[in-house]
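# A look at the structure
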Amino acid sequence: MKVDNIRLDAHNGKPAVTAVVTWEDSPRPRQEIYFATLDRFADYLNPGAAAYAVGCLLPALHHGEKRLRIEGALCPELRDGLETVMGFMRLWYESHQSAVRIEADVQHQPSLKNTLQRAALFFSGGIDSLAALRENHSRYPESHPEFFKDGILIYGQNVESDHRPETFEKAMHELSEVTIDGDISLLPVYTNLRSLDDATSFFIDEFHGAILGAVSHAVSGRLHSVSISASDSIPGLSHLNKKNFKPLGSHPLIDPYHSSYDLRIHHVGMTTSRLQKTRTVALWPAALNNIRVCKPNWPGENCGRCEKCLRTMLELTAIGALNQTRSFPMNVLTVDHIRNLKIPLGVVQDYRELISPLKNHGRSDLAKAVSASLGRTLGIPTNARDFARKVDETCLNGRLRRLKQRFAKSRISNPLK
Amino acid sequence: MKIQDFTSTEINGRKRVSARLIWEDSDRPVQELYFETPTALADGLVPDPHAFLIAGALPAMYFGEARVWVDGPVCPRLLENIDVALHWIVHWFYPRGRRPIPITAASLRPAASEKRPHAGFLFSGGVDSLATLRHNHLNYPSGHPARILEGLIIYGLEVRDDAGFGHVLKNLEAVAEDAGIRMIPLYTNIRELGPENNRAFWSDFWLTNYMGATLGAAIHALSGRFSLFSINSCHDIPNLMPYSSHPLVNPYYSSEDLRIRHEGINFSRYEKTRIISDWQAAIDNLRVCNAFRTYQQGILNCGACEKCVRTMLALLCCGVLDRSGAFAEKDVTAARIAASVTIKPNILPMYRELLEPLRRIGRADLVKAIHDKIDDCKRRERIEKWTSRTIGPLATVDKKHLNGLFGRTFRRLARRVP
């Protein structure tokens, strides 16, 4: 893969950094990749090689490119970090057998801009980023260089959700209620970096952190530090056991290695669980009324039906705050809403910690329903039927199930019925 | 635990910075923790509360203190970071449900308005450490603020013998001079935080939970000098394991003004040996042997322990063992491997990666000797697994409910068998 012609330009009338990406070993089309922002943030744009090195490496690795040749000079610390990122990806995904050779000039000196002391965070309006902002502003004095002053909102990353430009503009307008109250400026970045490979599994498992890293470098003209809010707490990251990690695109073993000497990238918020973060958000009215978590609709309105909406509503119920928010279409959650809830394995920890607080808030019905869903996900029987199914699978090798299927088939094929 | 009375004094030609650690919940005496350097090199040695906080937090948790309170200004970045480091250690090594102890400080320290960038590294003289220095100097141009200019060698952690430490300094001086860096010896009594005869403390706590923090503390004692510091990793990416010195722990001993990097996870031990193999000063002065009481002038490696033999094998694969002044022997024999090497699971990958290079240089005898040792290792592992599944639960019941009666009787009987 080659990245050429990195330059400051305009994209759809907005100031942008653009470059041409050419695949060398994979039969994929040549692409122009851009990072654009609004005129008032034009001085944030950094036309260096770092954004493209971070953004292109993992697609190149994923598609078997032999090298990544970038026009321009790379910070030696970032170059080492990219080798580390590749190391973890190759450990986690057996398909990535051969490493990509990184070819770029060495940056002899860091740029002088690190005398600027300005920190930002990625701000999606979700629980993690709202809590990270609140936590940061309570921890650091305003004069401290790590006090967040900008919230970066990306357009072009979540192509699976509501991807319409008008939804993004509306969300910008609505989230400004939080950013004004939270004393940060909302910095929108428009990018087509995901078009290098827009498969959902690749995005979640490998590419997510790199996109955030690339965007950080693209707007690093006025920043020395960017924070990425962790979506998993420490026990959640050690998903299999204490030694092994759940591989993820955005991970504490990945994100910090996208840093250069000039720009530190932090993975923050992994010491607090999602429920604790929701508690932090619930104490901040502007945030509580502007939570955006919906998987299919983000950054638009929350649907109140998808798994992530239901999870967040359960959390708000568990802390007695669902009836105080305008963020969801309903203010009361019933068992019917979550009867068919399918809990993905990766967020089991988030649901486990809800059971006791739900009971404490007098919602034993919801606690029971969550336990049942957890049982289904983890294969633990929670009622007689599940128990019989489990016994059949483990002791009878599925004979009862097969018998039932045969019986059901014979009923369907019986012409007399 | 209260951490207070940060002082700076001069004692016997050394500058000492110290603080008092007062135990509140644990029945332990007040301790004075110190860090010293020769006065001529003491520029930047400051009684920094950060150093004593990092040194005190994990022992406080281990000995059951309810809190850590620092009577001095602490950087909010460090407060945020150390909480992450403690969370990882608790998650890995403490029972489920345990949480890190809260840390509070008398005030928050503002970030330095201007600080001269200055990079250092942990200069132990081993393969990991020298590879960090070599890789850094090959990749960071002269004048770059991340180029390593100074190496810190600590007395009181691993090496605790004056004569032995003197020999180490002599060897490292030669490397430092060749690399154009300055060497700073730092003396500390941090080991006094642990009870000398408590085996559980040294085997379970010191190595697995605390060692990274001891290094972090020593580095922060010199926070007036360094803005960036590298700790050398002993594990590469495929072999990372929960450990006190880990990429998820060491960087979290950083403050806003002093960043700590965990370096070298991109390279295996053999790759690191290759990195230093064309650097004569390094292969002449390498120190890998941990038997510091046997150090002599110019001879730091016994050449007979497992670690020495492993390093000699790697140098042999690189074709430089015969011109390395660090070892008396210029070859490794199968008999030496048979006599000296016991492969444990944590060092198994380091031997596996040597098999192919040894084959390439035509040393089938050594390949066979290593294979025999690997087979031994696997056999032991199988037995251990079987034992932990069978005898393990029985031993637990014995210990818990029978006060170890069966265990004692069994050992008594075993002693009588000739």
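The structure displayed is predicted, hence computed values, not measured ones.

### Notes on the overall build of chain A
The helix and strand tally for chain A stands at 15 helices and 10 strands. Taking 2.2 N^0.38 as the reference for a compact globule, 417 residues should give roughly 22 Å; the C-alpha atoms of chain A span a radius of gyration of 24 Å, in line with that estimate. Principal-axis analysis of the C-alpha atoms gives chain A an extent of 80 × 50 × 40 Å. Here chain A holds 417 residues, and 46% of them are scored as buried. Of the contacts made within chain A by residues no fewer than 6 positions apart, 72% connect residues no fewer than 24 positions apart.

### Some thoughts on the domain arrangement of chain A
Residues and elements named next belong to chain A. Looking at the assigned domains, one finds that chain A contains domain 1 (2-268), domain 2 (274-378) and domain 3 (384-413). For domain 1 and domain 2, the distance between their C-alpha centres works out to 29 Å. Taken together, the contact between domain 1 and domain 2 spans 25 residues of the former and 21 residues of the latter. Elements that contribute at least two residues to the side of domain 1 that touches domain 2 include exactly α3 (127-139), α4 (165-181) and α6 (234-237).

### Considering the domain arrangement of chain B
All names here are of chain B. Entries for chain B in the domain assignment read domain 1 (2-263) and domain 2 (297-376). On a C-alpha basis, the centroid separation for the pair domain 1 and domain 2 is 32 Å. With five residues of domain 1 at the interface, the matching set in domain 2 holds four residues. A per-element tally of the side of domain 1 that touches domain 2 places helix α4 (residues 162-179) first, with three residues. Taken together, the residues of the side of domain 1 that touches domain 2 sort by class into two nonpolar, three polar and no charged.

### Notes on α4 of chain B
All names here are of chain B. In this model α4 runs 25 Å from its N-terminal to its C-terminal C-alpha over 18 residues, within 8% of the 26 Å that 1.5 Å per residue would give. For α4, the set of buried residues is V168, N171, L172, V175, A176 and A179. In this structure, the buried residues of α4 make contact with α3 (127-139), β7 (148-155), β8 (182-188) and α7 (280-285). After α4 finishes, the residue G180 shows a positive phi value of roughly 75 degrees.

### With respect to the interface of chain A and chain B
Opposite the 30 residues of chain A that make contact, chain B presents 29 residues. For the side of chain A that touches chain B, the secondary structure elements donating two or more residues are α2 (76-92) and α6 of chain A. With eight residues, the single largest contributor to the side of chain A that touches chain B is α2 of chain A.

### Notes on the sheet that holds strand β10 (residues 264-268) of chain A
Backbone hydrogen bonds hold the strands of a sheet together, and the pairing may be parallel or antiparallel. All names here are of chain A. As summarised here, the arrangement of the 10 strands in space is β5-β4-β1-β2-β3-β8-β7-β6-β9-β10, forming an open sheet in which the pairing is mixed. Because the sheet does not close on itself, it has two edges, and the strands there are β5 (101-106) and β10. When strand polarity is set aside, the average angle formed by the axes of neighbouring strands in this sheet is 25 degrees. With three bridges joining them, strand β6 (residues 119-122) and strand β9 (residues 225-229) adopt parallel strand pairing. Each residue of the ladder has a partner; that of A119, found in β9, is S225. Across the sheet, α4 touches β7 (148-155) and β8 (185-191), and the angle it forms with β8 is around 155 degrees.

### Concerning the pairing of strand β4 (residues 67-74) of chain A
Residue and element names in this part refer to chain A. Taken together, the two bridges between strand β1 (residues 2-11) and β4 define a ladder with parallel strand orientation. Within β4, the residue paired with K2 across the bridge is R69. Note that β4 and β5 share five bridges and pair parallel. Within β5, the residue paired with L68 across the bridge is I102. On the question of chirality, the crossover connecting β4 to the parallel β5 by way of α2 is right-handed.

### Digging into the nonpolar core
Among the nonpolar cores identified, the biggest contains 233 residues, and A53 and L57 of chain A are the most heavily contacted of them. A53 of chain A has contacts with L68, I70, L74, L78, L82, I102 and A104 of chain A, leaving out every residue within four places of it along the chain.

### Description of helix α2 (residues 76-93) of chain B
When the terminal C-alpha atoms of α2 of chain B are compared, their 26 Å separation across 18 residues agrees well with the 26 Å that a helix rising 1.5 Å per residue should span. Here α2 of chain B lies mainly inside the structure; 16 of its 18 residues are buried.

### Things to note about the environment of I237 of chain B
Within the secondary structure layout, I237 of chain B lies in the loop between β9 (228-232) and β10 (259-263). Distance in space between the C-alpha atoms of I237 of chain B and E384 of chain B is 26 Å, their sequence separation being 147 residues. In contact with I237 of chain B, not counting residues within four places along its chain, are G87, F88 and L91 of chain A together with I265 and N266 of chain B.

### Side note on the sheet that holds strand β4 (residues 68-74) of chain B
Residues and elements named next belong to chain B. Pairing is mixed in the open sheet, where 10 strands are placed in the order β5-β4-β1-β2-β3-β8-β7-β6-β9-β10. Of all the strands in the sheet, just β5 (103-108) and β10 have a single pairing partner and so form its edges. The mean angle between the axes of side-by-side strands here comes to 30 degrees, regardless of whether they run parallel or antiparallel.

Here is what the cut-offs are and how they apply
Residues numbered from 1 in each chain as written. Chains lettered and ligands numbered in written order. Predicted model: local features only at pLDDT ≥ 70, side-chain atom pairs only at ≥ 80, totals over all residues. Helix = DSSP H or I, 4+ residues; strand = E, 2+ residues; numbered from the N terminus. Rg over C-alpha atoms; globule rule 2.2 N^0.38 Å. Buried ≥ 20, exposed ≤ 12 C-beta atoms within 10 Å, placed from the backbone. Contact = placed C-beta atoms within 7 Å. Domains from an automatic or database assignment. Nonpolar A, V, L, I, M, F, W, Y, C, P; charged D, E, K, R; others polar. Expected span 1.5 Å × (residues − 1). Pairing = 2+ DSSP bridges. Axes fitted to C-alpha atoms, helices over the stretch in contact; angles between N-to-C directions. Right-handed = clockwise from strand over helix to strand, strands pointing away. Core = buried A, V, L, I, M, F, W, Y, C linked by C-beta atoms within 7 Å.

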